[in-house]
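# A closer look at the structure
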Protein chains: 2
Amino acid sequence: MSLLVTGSIAIDSVRTPYGASEDCIGGSAVYFSMAASFFCPVRLVGVIGSDCPFEFAEVFSGRYVDLRGLEVRQGSKTFRWAGTYYGDMDERTTDKLELNVLAEEPPKVPELFKDSEFVFLANTTPAIQLEFLGQIEKPFFVAADTMDCWIKGHREDLKRLLKRIDCLIINDVEVQMLAAEDGLVKAAEKVLGMGPDVVVVKEGGSGSLMCGADGERFALPAYRAGEVKDPTGAGDSFAGALMGYLAQKGKRDFESLKQAMGYGTVVASFAISEFSIAGLRAIGKADIDSRFEELRELTSF
Amino acid sequence: MSLLVTGSIAIDSVRTPYGASEDCIGGSAVYFSMAASFFCPVRLVGVIGSDCPFEFAEVFSGRYVDLRGLEVRQGSKTFRWAGTYYGDMDERTTDKLELNVLAEEPPKVPELFKDSEFVFLANTTPAIQLEFLGQIEKPFFVAADTMDCWIKGHREDLKRLLKRIDCLIINDVEVQMLAAEDGLVKAAEKVLGMGPDVVVVKEGGSGSLMCGADGERFALPAYRAGEVKDPTGAGDSFAGALMGYLAQKGKRDFESLKQAMGYGTVVASFAISEFSIAGLRAIGKADIDSRFEELRELTSF
């Protein structure tokens, strides 16, 4: 079934203990699309400025990423982010944030994309996420990400969004903030009461947890690859593989979501092994399937 | 097969966001013995002062905990610890630490216990752990715990200990400190090079990881019970169930260690659900087996 992502395209500059990468390609929609495209075609909705240096046909070469929802806005500047990761990379600072075109009108969902069945609303203001979602005719499964500043400052919009999505993908600190509740399971269950059928909690380097509205639960440890060179995009790669797998299968039941979370874990582990999208460019579906089997082996007893 | 633990018996005072427990029973040997005794008889080696208020026959009532290695030292005072846990309980402060009898001569391993096959050396100076181990004739499987202050201040003794044990059970921060290596798998693999056949890494509320000398790997998420009231003793309860299961089976292969880690995870989840040892006193083996099956279900995909 069809899969659409709305999100950012960024010019990133990243420093980690392993080195630095200047003006490289990033953004939630880019990582998501790279990851999802191992499983199914992806429709990308995003906006860049006319200064954007990337050749997207080349970035996504060999992948089914439909760029007809990518707006190049003349006279505007592309979103830029610069950050530094420390120690075991659980900590980072944002060194520079230039919203640029992201502070302007959001792009429109093209007519051709309005019949999308699987939809991922990457992190932005809940009002914009709602605006994107309102343009989709009859989605079958909608997932969204959010973050601390929308939980704190845009709570009413976020609550409206939660009533309209099927799945919230959120990190461990933020789910507890949103629920005003300590403990991941309790927090996730409280968020289920706000609307979604499924809450997926990303625990950074430690793994992930999923709670369903009918009391279902699933937990995975991280797949620890040899080296983590650049954690940027880990969460969006995770979401991309998760949604890509579901869209490929055309399913949204909890058992399929478990498999999907396994694929999310595996694809994220490749993403963080190199800077920018190099880790995702270096692999094929066979690498993913092989590591998926390793993950299954690693966790079964 | 026989199982022996050497460790502390403590008078604990604990504060957590859920309340406080004054002058309650604690100590590594107590939590370990409670947890292990669900699986097999336990031989306890430890020392208390003549001031110790606990009735051990009652503490361990209905369990096979052999107290012939428990020395009551006249004129000495029992070890006391007081601490406070904050927020989601990953942080704690030590408010009071009175080593008392633990700063004196360690107790002896009774003749009757010297044929022990499974041995757990709970956290103390590596020199004392070595002294305990030297009194066991021909152990089949030896595991030990350690902590930051011995890694920093008693490194040579610790290195000697590592050459003589089969399994190190250690937390995530400490394994990276010991290995001087970021990343849990890399750190654990480096520690394997220091002697043990198996390294088990406890990741607090997030789960656990195990690496074997032949490249085997296993990872488990935490079993998240409803509420964490008091995390004291989680690690020793984990180790107790792990070693208890192995001693019951008389096995030390990696597949058995995986099962053992599952039991460790489950028993620790009961231990932290109440203050002191109340969580472990409230359950039976059937509760453990049932939650073990839930854990398997929770993690399989």
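Higher on the page you've got the structure.
Heads up: these notes are all about the structure in this document. (Residues numbered from 1 in each chain as written. Chains lettered and ligands numbered in written order. Predicted model: local features only at pLDDT ≥ 70, side-chain atom pairs only at ≥ 80, totals over all residues.)

Below, the discussion takes up the interface of chain B and chain A. Contacts between the two partners involve 24 residues from chain B and, on the opposite side, 24 residues from chain A. With 5 residues, strand β13 (residues 217–221) of chain B is the largest single contributor of residues to the side of chain B that touches chain A. Looking at side-chain class alone, the side of chain B that touches chain A contains 9 nonpolar, 8 polar and 7 charged residues. (Contact = placed C-beta atoms within 7 Å. Helix = DSSP H or I, 4+ residues; strand = E, 2+ residues; numbered from the N terminus. Nonpolar A, V, L, I, M, F, W, Y, C, P; charged D, E, K, R; others polar.)

Another point: the sheet that holds strand β4 (residues 42–49) of chain A. All names here are of chain A. Taken in spatial order, the 9 strands make up an open sheet running β5-β4-β1-β8-β9-β10-β11-β12-β13, and their pairing is mixed. At either end of the open sheet lies a strand with only one pairing partner, and these are β5 (65–73) and β13 (217–221). Each strand of the sheet is rotated relative to its neighbour by a mean of 15°, with strand direction disregarded. Bridge count between strand β12 (residues 207–212) and β13: 5 bridges; the pairing is antiparallel. Bridge pairing links Met210 to Phe218 in β13. (Pairing = 2+ DSSP bridges. Axes fitted to C-alpha atoms, helices over the stretch in contact; angles between N-to-C directions.)

Before going further, it helps to spend a moment on unusual backbone geometry. Within the chain, Ala180(B) stands out as a residue other than glycine whose phi angle is a positive 50°. Overall, the presence of 9 C-beta atoms within 10 Å leaves Ala180(B) in the exposed class. (Buried ≥ 20, exposed ≤ 12 C-beta atoms within 10 Å, placed from the backbone.)

The next subject is the sheet that holds strand β6 (residues 79–86) of chain A. Residue and element names in this part refer to chain A. Taken in spatial order, the 4 strands of this open sheet run β3-β2-β6-β7, and their pairing is mixed. The sheet terminates laterally at β3 (19–26) and β7 (91–98), the two strands that pair on one side only. Recorded for the sheet is a direction-independent mean angle of 15° between the axes of neighbouring strands. Pairing of strand β2 (residues 10–16) with β6, which is carried by 6 bridges, proceeds in the parallel orientation. From the neighbouring strand, Arg15 faces β6, where its bridge partner is Thr84.

The subject of this paragraph is the pairing of β4(A). Strand residues, when the strand is regular, have side chains that alternate between the two faces of the sheet. Residues and elements named next belong to chain A. Burial within β4 is extensive, with 8 of its 8 residues counted as buried. Neither face of β4 is open: one carries Val42, Leu44, Gly46 and Ile48, the other Arg43, Val45, Val47 and Gly49, and all of them are buried. Pairing of strand β1 (residues 3–6) with β4 involves 3 bridges; the strand directions are parallel. The residue of β4 that forms the bridge with Val5 is Leu44. As paired strands, β4 and β5 are joined by 7 bridges and run parallel to one another. Considered in β5, the bridge of Val45 is made with Gly69.

Now for the relation of the copies chain B and chain A. Two copies of one chain are present, and they are related through a rotation about an axis combined with an axial shift. With an RMSD of 0.0 Å, the fit of chain B onto chain A corresponds to turning through 180° and sliding 0.0 Å along the axis. What we have between these two chains is a two-fold relation. Residue Pro221(B), judged by its C-alpha, is the member of chain B lying nearest the rotation axis, at 2.5 Å. By residue overlap, the copies meet face to face through one surface: 100% of the interface positions of chain B are interface positions in chain A. (Least-squares fit on C-alpha atoms with pLDDT ≥ 70 in both.)

Below, the discussion takes up the pairing of strand β11 (residues 198–202) of chain A. Residues and elements named next belong to chain A. The element β11 is largely enclosed, with a buried count of 5 among its 5 residues. Side-chain alternation along β11 places Val198, Val200 and Lys202 on one buried face and Val199 and Val201 on a second face that is also buried. The pairing of strand β10 (residues 167–171) with β11 spans 5 bridges and is parallel. Across the sheet, residue Ile170 finds its bridge partner in β11, namely Val201. Pairing analysis gives 5 bridges linking β11 to β12, with the strands arranged antiparallel. When the sheet's bridge partners are listed, Val201 is paired in β12 with Leu209.

As a further point, take the environment of Phe38(B). Topologically, Phe38(B) is positioned in the loop between α1 (28–36) and β4 (42–49). For the pair formed by Phe38(B) and Gly240(B), sequence separation is 202 residues and the distance between their alpha carbons is 9.3 Å.

Think of an α-helix as 3.6 residues a turn; residues three or four steps apart then line up on the same face. All names here are of chain B. Here helix α8 (residues 234–249) contains 16 residues, and its C-alpha end-to-end distance of 23 Å stays within 8% of the 22 Å for a straight helix at 1.5 Å per residue. With 14 of 16 residues buried, α8 is to be regarded as a mostly interior element. Positive backbone phi, at 70°, marks Gly250, one or two positions downstream of α8. (Expected span 1.5 Å × (residues − 1).)

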